[in-house]
Amino acid sequence: MEVVERPMGNGNNRPYSKALPHLSPHEPCQGPDPDPHLVGPLELRRECADVLRGRPALLRRDFVSVSEEKSPHQPFRVMQWNSLAQALGEGMDSFTRCPPEALNWPERKYMILEEILTYQPDILCLQEVDHYFDTFQPLLVPLGYQGSFCPKPWSLCLNVANNNGPDGCVLFFRCDRFQLRGISHLQLSAMGLKTNQVAIVATLCCRATGQVFCIAVTHLKARSGWKDLRTAQGDDLLCKLQSISRKAAISTTGSDTCVPILVCGDFNAEPSEVIYHLFATSTLGLDSAYKHLSPDGQTEPAYTTWKIRSSGESCHTLDYVWYSRDHFSVRAVLDFPTAEQIGPNRLPSYSYPSDHLSLVCDFSFSHLPE
C-alpha cells in the first residue's frame, strides 16, 4: 500500500488542498438554479480560514493507495461521516473532556465544512444532521451538489432546549458527475414494526460511463443492548436495497439482476456483531472498503469513533463503507489519525468537530455497461 500525503498547515494557516478538476463548471442540477449570489467554493474556503484562524489545524490524515488498477475514467470519491448533531453534542452526549467552546455552532459548522472541502467528495453521506436547511443545503448546492435529507421520525434532538429541529441522514452528490434516476426515503422496520432509524437510497447514473448504481446512507440504532434490533434493521435495509437495485436494473437494461450498490453508514455495531456478518455474507456481494487498510485485507480499523463521556472512554469501530465487490474497485482510502494525534481528551475537540472520524474512499467501476 502506498501512502499519499497531503500538506497540512498550522493554526494560522488552515489546511486546504488545491481545487480538484471536479470543482470546475458543471451541468446544472435538477430543480431550481442555485442563487448566483451565494458563496462559491473558494470564498467558502476563505471564510472557513478566517473564522477558524485561532483554532489548531484539522487532524493530519493521509490517503493510502490500495489498487494500481488503470482506468480511463476518473475515480469518484465517497465520504461517510457521522458529523454529530449540534443539539446532541451540546445537550445530551456529555463529552466530559471536550471544552464547551469547541462545540460552539458558529465555529463548529465551519470545521465540518472544512472537512468536507478538504476532501471534496463526489458523494457525501452524513448522519446526525440537524442543520440541513440552514447550513448544508444552502452552502453545498452552489458548489455543484444536489442533496436530500431524511429526518428521524422521533429525533432526540427535539428533546433539547432551543433545538434546530430533528436530526437525520443526508445524501449529497455532484451533479457534474452523476444524474439522479430515483430516490427513496426509508423508515427501517424491525420485527414488522417501524423504528426511529432511517435510510436514503439514491439511484445514480455516472455521466462519464453510463453506469447505474445505488448509493445508500443509514444510521442504525445505538446502545449496546439493541443488537437484535440493529440486526433486524440491517436485514430490512438489505431486502429493500435488493428490491430497489433490481428495479433499477430492469428499467436500465431489462435484466432481472441488481445494479451495483454502495452502503455508507454509522451502524453502531462492532465487526463482531451479527449485523456486520449479515452484510458481509449478503447475496448482494458486499465488502467493506476499510478492510483494505489492514495488512491481510480482512480486518477493520481499530476505531472510527473515540470519545470520553461521563460513563467512561469509548473507542469503537462503528462506521462502514460497503461496496459491491464485483463491480467496484477500491483505489484509495483515507487513513485514521493516531491516538497521539487525536490527543488524550479524544473527540470532539478544537482539532475535530465530531466524535466520529470521516471515512473517505476513492472508487472506480470494475465493469462498465456495453
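Owing to the predicted nature of the structure, the values given are computational and were not obtained by experimental measurement.

Participant: Sorry if this is basic, but what is going on with the environment of L359 here?
Facilitator: Along the polypeptide, L359 turns up in strand β16 (residues 359-365). You can call L359 buried: its relative accessible area is 0%. Sequence separation between L359 and V333 is 26 residues; the distance between their C-alpha atoms is 7.6 Å. Setting aside its immediate chain neighbours within four residues, L359 contacts V78, M79, Q80, Y290, T304, D319, Y320, V321 and F336.

Participant: Whenever I open this one, the pattern of salt bridges confuses me. Can you help?
Facilitator: Pairing is possible between side chains that carry opposite charge, provided their charged atoms lie close to one another. For the coordinates displayed, the defined rule picks out 14 salt bridges. The partner of D362 in a salt bridge is R77, and the shortest N-O contact between them spans 2.7 Å. In this pair, D362 is assigned in strand β16 and R77 in strand β3 (residues 76-82), connecting sequence segments 285 residues apart. With a relative accessible area of 13%, R77 lands in the buried category. Among the ionic pairs, R346 bridges to E313, the shortest N-O distance being 2.9 Å.

Participant: What am I meant to see in the packing of helix α3 (residues 105-119) against helix α4 (residues 132-140) here?
Facilitator: Two quantities define a packed helix pair, namely the angle between the axes and the distance from one axis to the other. Here α3 crosses α4 at 35°, and the two axes come no closer than 12 Å. Of the two elements, α3 crosses α4, and the hand of that crossing is right-handed. On α4, the residues touching W105, K109, I112, L113 and I116 of α3 are T135, F136 and L139. Of the residues belonging to the contact of α3 with α4, the class tally is 6 nonpolar, 1 polar and 1 charged.

Participant: Would you mind going over the nonpolar core with me for this structure?
Facilitator: Generally speaking, soluble globular proteins have nonpolar side chains that are buried together. The biggest cluster of nonpolar side chains holds 71 residues, and the ones touching the most others in it are I123, I215 and F363. Among the elements that take part in this core, α3 stands out by supplying 8 residues, more than any other. Apart from residues lying up to four places away in sequence, F363 is in contact with P75, F76, V78, L262, A289, V321, Y323, F328, S329, V330 and R331. Counting residues in each nonpolar core, the second largest holds 27 residues, with A199, V212, L238 and I275 among its members.

Participant: Would you mind showing me how to read the confidence of the model for the chain here?
Facilitator: Caution applies to low-pLDDT regions: their predicted coordinates should not be interpreted in detail. For the chain, the average pLDDT comes to 89, and 89% of its residues sit at 70 or higher. Note that residues 2-28 has pLDDT below 50 and, in this model, 73 contacts with residues that lie over four places away or in other chains.

Participant: Explain the packing of aromatic side chains here, please?
Facilitator: Tallying each qualifying case throughout the model produces 27 aromatic pairs. Seen in terms of ring centroids, F76 and F178 are 5.6 Å apart; in terms of plane orientation they differ by 85°. Their pairing is edge-to-face. Pair noted here: F76 is in strand β3 and F178 is in strand β7 (residues 178-190), with a separation of 102 residues, a long-range link. Residue class for F76 comes out buried when judged on its relative accessible area of 2%. Note on F178: relative accessible area 1%, which makes it buried. Ring centres of F267 and F279 lie 5.0 Å apart, and the angle between their planes is 85°; on these two criteria the pair is classed as edge-to-face. One end of the pair, F267, is in the loop between β10 (261-266) and α6 (274-280); the other, F279, is in helix α6, with 12 residues separating them in the sequence. Of the two residues examined, F267 and F279, each falls in the buried class. Across from the ring centre of W306, 4.0 Å away, lies the NZ or CZ of R346, which sits over that ring.

Participant: It is not clear to me how the sheet that holds strand β14 (residues 319-324) should be interpreted in this structure. Could you clarify?
Facilitator: As a general point, the strands of a sheet are linked pairwise by backbone hydrogen bonds and lie either parallel or antiparallel. Spatial strand order, β7-β8-β9-β10-β14-β11: 6 strands in an open sheet with mixed pairing. Across the chains shown, the open sheet's two edge strands, defined by having one partner strand only, are β7 and β11 (286-288). With direction set aside, neighbouring strand axes in the sheet form an average angle of 20°. As paired strands, β7 and strand β8 (residues 193-206) are joined by 11 bridges and run antiparallel to one another. Bridge pairing links A190 to L193 in β8. Against the sheet, helix α5 (residues 227-253) touches β7, β8, β9 (212-219), β10 and β11, its axis set at about 150° to β7.

Thresholds applied
Residues numbered from 1 in each chain as written. Predicted model: local features only at pLDDT ≥ 70, side-chain atom pairs only at ≥ 80, totals over all residues. Heavy atoms only, no water. Helix = DSSP H or I, 4+ residues; strand = E, 2+ residues; numbered from the N terminus. Buried < 20%, exposed > 50% of the residue type's maximum accessible area, 1.4 Å probe, protein only. Contact = heavy atoms within 4.5 Å. Salt bridge = Lys/Arg side-chain N within 4 Å of Asp/Glu carboxyl O. Axes fitted to C-alpha atoms, helices over the stretch in contact; angles between N-to-C directions. Left-handed = near helix turned anticlockwise from the far one by under 90°. Nonpolar A, V, L, I, M, F, W, Y, C, P; charged D, E, K, R; others polar. Core = buried A, V, L, I, M, F, W, Y, C linked by side-chain atoms within 4.5 Å. pLDDT = per-residue confidence, 0-100. Phe/Tyr/Trp six-rings, centres within 6.5 Å; stacked < 30°, edge-to-face > 60°. Lys NZ or Arg CZ within 6 Å of the ring centre and 35° of its normal. Pairing = 2+ DSSP bridges.

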